[in-house]
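# Chains, contacts and geometry: an overview
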Amino acid sequence: MVVESKKSIQDGVDGEQYDRKSELTAFDETKAGVKGLVDAGVTTVPRMFIHPPEKTSENNKKQLKFPAIIDLDGIEEDSIRRKQVVESIRDAAGSWGFFQIVNHGVANSTLQEMINGTRRFFEQDVEVKKQWYTRDTSKVAHHSNIDLFASPAANWRDTLYCLMAPNAPKYEDMPEACRDIMIEFSKEVKKLGQKLLRLLSEGLGLNPSHLQDLDCAEGLALISHYYPACPQPELTMGTTRHADISFITVLLQDALGGLQVLHDDQWVDVPPNPDALVVNIGDFLQLISNDKLKSVEHRALAKSQGPRISIAGFLSTGVKDSSRMYSPIEELLTEEEPPKYRATSLKEYTEYFHAKGLDSTSALTHFRL
């Protein structure tokens with residue numbers, strides 16, 4: 001187990017050298033994650049988790065409110081209602097890059113059981129949980145910080161990753177604590193993703209099936225995060241600022257909150273709502289929409305209360321190493337609005353992103369013409 005002390009935090013302040021790799025290795029070899037630290041009774045944040053103050057600051061010069069929740073009720077039967085919802089989604093996706101939806105078709109019981117199942121997985125006996133601990137995301141993967149050995153500072157969270165579509169793992173290869181609900185929840189997120197792509201296509205003035213026909217929701221990666229209570233949340237982050245490498249992301253968050261979106265250079269809270277799902281635009285949808293839809297940076301705070309649980313469904317092409325090329329959609333281009341990006345594949349984009357170690361921005365600027 002990693003040894004903590006007040007000196008380790010002082011070291012982070014005065015710049016004194018220390019053997020970071022040994023600390024990371026010792027932490028990783030426990031296979032117990034951040035929850036293992038908390039269960040061991042740590043009262044200070046180990047140095048490997050400490051972020052520079054500018055990374056954790058709120059930077060709130062003015063109070064901004066997250067957009068109003070969008071209600072999807074009645075959009076299949078009422079054309080006027082559908083048009084209003086399409087406009088609301090288009091406006092939110094084009095300015096904030098984020099919005100919340102209710103009456104989305106996923107039962108509240110399914111949402112709650114997904115949160116409960118995630119909690120069951122992370123709170124089971126560590127010896128049972130260890131069998132899933134790996135950094136190989138070609139399989140079901142439990143880990144703490146996938147970029148642990150590459151990032152400047154670790155985040156205060158543990159993760160369960162599973163690629164659920166187009167080819168889900170065998171039933172017996174998934175964790176017993178949550179496999180049934182993961183399968184059910186994933187089916188619902190896939191259906192919802194296809195509905196959202198139709199609405200976004202209409203908002204762009206395209207045929208309703210346009211984005212779906214581009215395989216924007218063929219694949220689904222389910223990533224469940226467990227954020228234990230943190231003894232010094234002001235020193236670290238739950239998740240550092242980033243944009244998503246996806247077309248769209250559907251997020252379920254519990255009642256604790258902590259998700260923030262960067263808007264007008266301000267961090268804005270995304271208020272938790274037990275009936276709502278959070279939707280955000282990913283880098284690839286910004287690219288193919290030629291900047292009409294925005295992929296926006298966001299983060300999650302570390303909190304003194306916990307655990308906080310969130311589950312993100314990343315909708316993208318069927319396989320992350322796909323060589324299919326994507327570029328701005330022809331129907332959206334004019335002489336006044338020429339293409340802003342060169343064509344790229346998810347494989348090339350992802351490889352560039354990780355090679356550069358981008359921890360505070362998307363890679364979109366690299367592909368801009």
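About the cut-offs
- Residues numbered from 1 in each chain as written.
- Predicted model: local features only at pLDDT ≥ 70, side-chain atom pairs only at ≥ 80, totals over all residues.
- Heavy atoms only, no water.
- Helix = DSSP H or I, 4+ residues; strand = E, 2+ residues; numbered from the N terminus.
- Rg over C-alpha atoms; globule rule 2.2 N^0.38 Å.
- Contact = heavy atoms within 4.5 Å.
- Areas by Shrake-Rupley, 256 points an atom, 1.4 Å probe, with all protein chains shown as cover.
- Lys, Arg positive; Asp, Glu negative; His and termini not counted.
- Charge placed at Lys NZ, Arg CZ, Asp CG, Glu CD.
- Pairing = 2+ DSSP bridges.
- Axes fitted to C-alpha atoms, helices over the stretch in contact; angles between N-to-C directions.
- UniProt positions renumbered as here; feature names shortened; annotations may be inferred.
- Parallel < 35°, antiparallel > 145°, perpendicular 65-115°, else oblique.
- Left-handed = near helix turned anticlockwise from the far one by under 90°.
- Nonpolar A, V, L, I, M, F, W, Y, C, P; charged D, E, K, R; others polar.
- 1 Å grid on protein atoms, 1.4 Å probe; cavity = no way out; pocket = protein on both sides within 12 Å on 5 of 7 lines; lining within 4 Å.
- Points joined across faces, edges and corners; volume = space filled by probe spheres on them.
- Salt bridge = Lys/Arg side-chain N within 4 Å of Asp/Glu carboxyl O.
- Buried < 20%, exposed > 50% of the residue type's maximum accessible area, 1.4 Å probe, protein only.
- Phe/Tyr/Trp six-rings, centres within 6.5 Å; stacked < 30°, edge-to-face > 60°.

## Focus on the overall build of the protein chain
The helix and strand tally for the protein chain stands at 11 helices and 14 strands. Over its C-alpha trace the protein chain gives a radius of gyration of 21 Å, about what one expects of a compact globule, namely 21 Å for 369 residues. Expressed as a percentage of contacts within the protein chain between residues at least 6 apart in sequence, the contacts between residues at least 24 apart total 78%. For the protein chain, the computed accessible surface area is about 16400 Å², with 50% contributed by carbon and sulfur atoms. A distance of 1 Å separates the average location of the 42 positive side-chain charges in the protein chain from that of its 54 negative side-chain charges.

## Some words on the sheet that holds strand S6 (residues 237–242)
Here four strands make up an open sheet; going across it, the order is S6-S11-S8-S9 and the pairing antiparallel. Only two strands of the sheet have a single partner each, and these edge strands are S6 and strand S9 (266–269). On average, each strand axis in the sheet is inclined to that of its neighbour by 30 degrees, with strand direction left out of account. Relative to strand S11 (residues 298–301), strand S8 (residues 259–263) runs antiparallel, the two sharing three bridges. By the bridge assignment, Val 261 is partnered in S11 with His 298.

## A look at the UniProt feature "domain: Fe2OG dioxygenase" (unreviewed entry) in the protein chain
Sites flagged by UniProt as "domain: Fe2OG dioxygenase" (unreviewed entry) map to residues 216–317. Span residues 216–317 is 6% helix and 47% strand, its end C-alpha atoms 6 Å apart.

## Some details on the packing of helix H6 (residues 108–123) against helix H8 (residues 179–203)
Two elements in contact, H6 and H8, have axes whose closest approach is 9 Å; the angle formed by their N-to-C orientations is 140 degrees. Comparing their axes, H8 and H6 come out oblique. Remark: the crossing between H6 and H8 carries left-handed chirality. The segment H6 lies against H8, with Thr 110, Leu 111, Glu 113, Met 114 and Gly 117 engaging Ile 181, Met 182, Glu 184 and Phe 185. Class assignment of the residues belonging to the contact of H6 with H8 gives a composition of five nonpolar, two polar and two charged.

## Some points on empty space enclosed by the protein
Inspection of every chain in the model, using the stated rule, returns one cavity of 30 Å³ or more. For the largest cavity, the calculated volume is near 30 Å³. If you trace the largest cavity, you find it lined by Tyr 227, Pro 228, Leu 301, Ala 302, Lys 303, Gln 305 and Arg 308. Taken together, the residues of the lining of the largest cavity break down into four nonpolar, one polar and two charged.

## Topic: the pattern of salt bridges
This model, assessed by the stated rule, comprises 17 salt bridges. In this structure, Asp 28 and Arg 135 form a salt bridge, with 2.6 Å as the shortest nitrogen-oxygen distance. Taken together, the residues span a long stretch of sequence, with Asp 28 in helix H2 (residues 20–30) and Arg 135 in the loop between helix H7 (126–129) and strand S3 (141–143) at a distance of 107 residues. Exposure remark for Asp 28: the relative accessible area of 16% places this residue in the buried category. Overall, Arg 135 belongs to the partly exposed group, its relative accessible area being 26%. Here Glu 348 makes a salt bridge to Arg 342, at a shortest N to O gap of 3.0 Å. Looking at Glu 348, the relative accessible area reads 29%, which means it is partly exposed.

## So, the sheet that holds strand S2 (residues 98–102)
Taken in spatial order, the eight strands line up as S1-S2-S10-S7-S12-S5-S4-S3 in an open sheet, and their pairing is mixed. Since the sheet does not close on itself, it has two edges, and those belong to strand S1 (70–71) and S3, each with one partner. Relative to strand S12 (residues 308–316), strand S7 (residues 248–253) runs antiparallel, the two being bridged by six bridges. Its bridge partner being in S12, Thr 249 is matched across the sheet by Phe 314.

## With respect to the packing of helix H5 (residues 79–95) against H8
Interaxial distance between H5 and H8 falls to 9 Å at its minimum, and their mutual angle equals 85 degrees. Between H5 and H8, the interaxial angle falls into the category roughly perpendicular. Residues Arg 82, Val 86, Ile 89, Arg 90 and Ala 93 of H5 lie in contact with H8, whose contacting residues are Arg 198, Leu 199, Leu 200, Glu 202 and Gly 203.

## Topic: the packing of aromatic side chains
One pass over the structure, following the stated rule, counts 11 aromatic pairs. For the pair Phe 66 and Trp 96, a centre-to-centre distance of 5.7 Å together with 75 degrees between the ring planes defines the contact as edge-to-face. Remark: Trp 96 occurs in the loop between H5 and S2 and Phe 66 occurs in the loop between helix H4 (53–56) and S1; sequence separation between them is 30 residues. A residue is classified by how much of its surface remains accessible, and Phe 66, at 10% relative accessible area, is buried. The buried category is assigned to Trp 96, whose relative accessible area is 11%. Ring geometry for Phe 121 against Phe 122: centres 5.0 Å apart, planes inclined by 90 degrees, an arrangement best described as edge-to-face. In this pair, the class of Phe 121 matches that of Phe 122, namely buried. Aromatic ring contacts, followed pair by pair, group Phe 247, Phe 284, Tyr 326, Tyr 349, Tyr 352 and Phe 367 into a single cluster.

## Focus: the side chain of Glu 188
Considering the arrangement of structural elements, one finds Glu 188 in helix H8. Judged by its relative accessible area of 19%, Glu 188 is buried. Each residue touching Glu 188, except ones within four places of it in the same chain, is listed here: Gly 105 and Val 106.

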